[in-house]
Amino acid sequence: IGRRISAERFERRAEWRDFAVLYRSNQQARVIEQVLRNLRIPYTLSGGQSFFDKAEIRDIMAYLRLLANSDDDPAFIRAATTPRRGVGQATLQALGTYASAHSLSLFAAAFAITTDDGLAQRQLDALQNFARLMQELERRAKEESAADLLDQLLAHTRYESYLYDTLDNRAAQARWQNVRELCAWLARKSGEDGLSITELAQHVALVTMLERNDEENPDAVKLSTLHAAKGLEFPHVFLIGVEEGLLPHKGREEPGSTEVKEDPARIQEERRLMYVGITRAQRSLHISWCKRRRRARQDVICEPSRFIAEMGFDVKKPRDNPADEHLSPSERLAMLKDLLKQ
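Description of the structure in this document. Along each chain, residues carry numbers from 1 onward, in the same order as the chain's sequence is written. Where local features are concerned, this predicted model is filtered to residues with pLDDT of at least 70; where side-chain atom pairs are given and counted, the filter is 80 or more; whole-chain, interface and lining totals use all residues. The basis for every side-chain value is the complete set of non-hydrogen atoms in the structure, without hydrogens or water.

With respect to a nonpolar patch on the surface
In this analysis, a patch consists of residues with relative accessible area above 30% that form no salt bridge, clustered at 9 Å for like charges and at 5 Å for the nonpolar side chains Val, Leu, Ile, Met, Phe, Trp and Tyr. Using the Shrake-Rupley algorithm and a 1.4 Å probe, accessible areas are obtained, with residue cover drawn only from the displayed protein chains. The term salt bridge refers to a side-chain nitrogen of Lys or Arg lying within 4 Å of a carboxyl oxygen of Asp or Glu. Nonpolar side chains collect at one region of the surface, where Val31, Val35 and Leu39 lie side by side and expose about 220 Å² of accessible area between them. Strands are runs of DSSP state E lasting at least 2 residues, helices are runs of H or I lasting at least 4, and numbering of each runs from the N terminus. Considering the arrangement of structural elements, one finds Leu39 in the loop between helix H2 (29-38) and strand S2 (43-46).

Printed below as a string of structure tokens:
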């Protein structure tokens, strides 16, 4: 999908904002986000929170940004205070005053400030312990793989313990899983692109900064849930995950059973969502589904959504089969629309 968008932008002489990727569930956006970042395609996300905007992801990225640029004062503040390590607001205020007076970054000021500058010894010790930790990680970043360095970062900061100490188990587990997924992605990207961890941090920080510029009408691909896309239109739409279990969504299991009872009213609502997705496209529409997905550490075979067949497509035939060409796009849409009226 990422490559198709990039190619079609060139072929159609279009802009990034002309493309949208729509999906049923927020969780489907994560892999799309990661790929678009890999391909350096700008995007905005609605109908859910960006993976890279989650608090735990921004926490870890603050450490990496500081490794990449010791003058990044906002990254210093976030990393120094998350998890808590004795560096509080009073410490940061004294450090900020000193740094401003001597034209230093907060990181450089941490090595220069003394107890004569308004800090108690315990405050100074906590501050310099953090600064020395970052200095050691910076040294190792030049010698060790991204995967090893990320493992050391998480171990030294005790970030997992911090999550479980401050959140309930379920929330902590979800956030820790996000952190592990970020680290796996960074390690994989480092190996594929031959980038150091500091170069990766610079890349992610740059992409994030560019995405936040011109927020009112950015030239960026739109990622959106079907619900959030109601009322919007785009020249070119990629509707993804059009599979049984996703669209239509399988719903909730019956109490005491592992099976989901199919509700005709719910299927009709899901069909309505499919219709919403299709009608967001002004010029071109791409519908895709997975052959298999990874769920609960197992590969699950996926079936194309019944809604595709309801539009008159036979997914078992080659896409260029002439038998599929007798219906116009408007006729296919009308077939689905007729079902919504029943």
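Topic: the packing of helix H7 (residues 121-141) against helix H8 (residues 146-157)
A fitted line through C-alpha atoms serves as each axis, taken over the contacting stretch for helices, and the angle formed by two N-to-C directions is quoted from 0 to 180°. Two elements in contact, H7 and H8, have axes separated by 10 Å at closest approach and are oriented at 165°. With respect to H8, the element H7 is oriented roughly antiparallel. Note that H7 runs across H8; the crossing there is right-handed. Residues Leu133, Leu137, Arg140 and Ala141 of H7 touch H8, and the partners they reach there are Leu149, Gln152, Leu153, His156 and Thr157. Each residue receives one of three labels: charged for Asp, Glu, Lys and Arg, nonpolar for Ala, Val, Leu, Ile, Met, Phe, Trp, Tyr, Cys and Pro, and polar for the others, Gly being one of them. Of the residues assigned to the contact of H7 with H8, the class counts are 5 nonpolar, 3 polar and 1 charged. Note that the term roughly parallel is reserved for angles under 35 degrees, roughly antiparallel for angles over 145, roughly perpendicular for angles of 65 to 115, and oblique for everything else. Each crossing gets its hand from how the near helix is turned against the far one by less than a right angle, where anticlockwise is left-handed and clockwise is right-handed. The contact definition used throughout considers only heavy atoms, calling two residues in contact when any of these lie within 4.5 Å.

Here's the deal with helix H4 (residues 73-81)
One turn of the α-helix equals 3.6 residues, which is why residues spaced by three or four share an orientation. Taken together, the buried positions of H4 are occupied by Ala75, Phe76, Ala79 and Ala80. Within H4, the buried residues cover an arc of 120° as seen down the axis, which keeps them to one side. At its buried positions, H4 is contacted by helix H3 (55-68), helix H5 (89-101), helix H6 (106-112) and H7. For H4, the side-chain oxygen to backbone nitrogen distance between the N-cap and Ala75 is 3.1 Å, and the N-cap itself is Asp72. Throughout this description, buried means an accessible area under 20% of the type-specific maximum (1.4 Å probe, protein chains only), exposed means over 50%, and partly exposed covers the range between. The arc in question is the one spanned by the directions pointing from the helix axis to the C-beta atoms. Pairs of N or O atoms are called polar contacts if they sit within 3.5 Å, as long as, within protein, a hydrogen donor faces a hydrogen acceptor (for residues adjacent in sequence, only side-chain-to-side-chain pairs).

Here we look at unusual backbone geometry
Residues apart from glycine generally show negative phi values, whereas peptide bonds are mostly found in trans. In this structure, the amide linkage connecting Thr82 to the following residue, Pro83, adopts the cis form with an omega of -5°. By the element assignment, Pro83 lies in the loop between H4 and H5. Going from Leu247 to Pro248, the amide bond is cis rather than trans, its omega being 10°. Mapping Pro248 onto the fold places it in the loop between strand S4 (234-239) and helix H12 (264-278). Its identity as a non-glycine residue notwithstanding, Arg13 has a phi of 55°, on the positive side. Inspection of the secondary structure puts Arg13 in the loop between helix H1 (2-11) and strand S1 (19-23). For Arg13, a relative accessible area of 80% corresponds to the exposed category. Backbone geometry at Arg158 places phi at a positive 55°, although glycine is not the residue there.

Concerning the packing of aromatic side chains
Only centres within 6.5 Å qualify two rings of Phe, Tyr or Trp (six-membered ring in Trp) as a pair; their planes then separate them into stacked at under 30 degrees, edge-to-face at over 60, and tilted for everything else. This model, assessed by the stated rule, comprises 6 aromatic pairs. On the basis of an interplanar angle of 85° and a centroid distance of 5.4 Å, the ring pair of Phe51 and Phe52 is categorised as edge-to-face. Of the residues examined, Phe52 reaches a relative accessible area of 5% and is grouped as buried. Both rings, one in Phe76 and one in Phe130, keep their centres 5.4 Å apart while their planes meet at 80°; by these two values the pair is edge-to-face.

Things to note about the side chain of Asp72
Along the polypeptide, Asp72 turns up in the loop between H3 and H4. A polar contact of 3.1 Å, which involves the side chain of Asp72, links it to the backbone nitrogen of Ala75. Ignoring anything within four residues of it in the chain, the contact list for Asp72 reads Arg65 and Leu66.

Looking at the nonpolar core
Here the nonpolar core consists of buried residues drawn from Ala, Val, Leu, Ile, Met, Phe, Trp, Tyr and Cys, with membership extended through side-chain atoms lying within 4.5 Å. Within the largest apolar cluster, 67 residues are counted, with the highest numbers of intra-cluster contacts made by Leu64, Phe76, Leu182 and Val221. With 9 residues, the single largest contributor to this core is H7. Apart from residues no more than four positions distant in its own chain, Leu182 is found in contact with Phe51, Phe52, Ile57, Ile60 and Met61. One finds Leu247, Ile267, Leu273 and Ile308 within the second-largest nonpolar core, a separate group that totals 19 residues.

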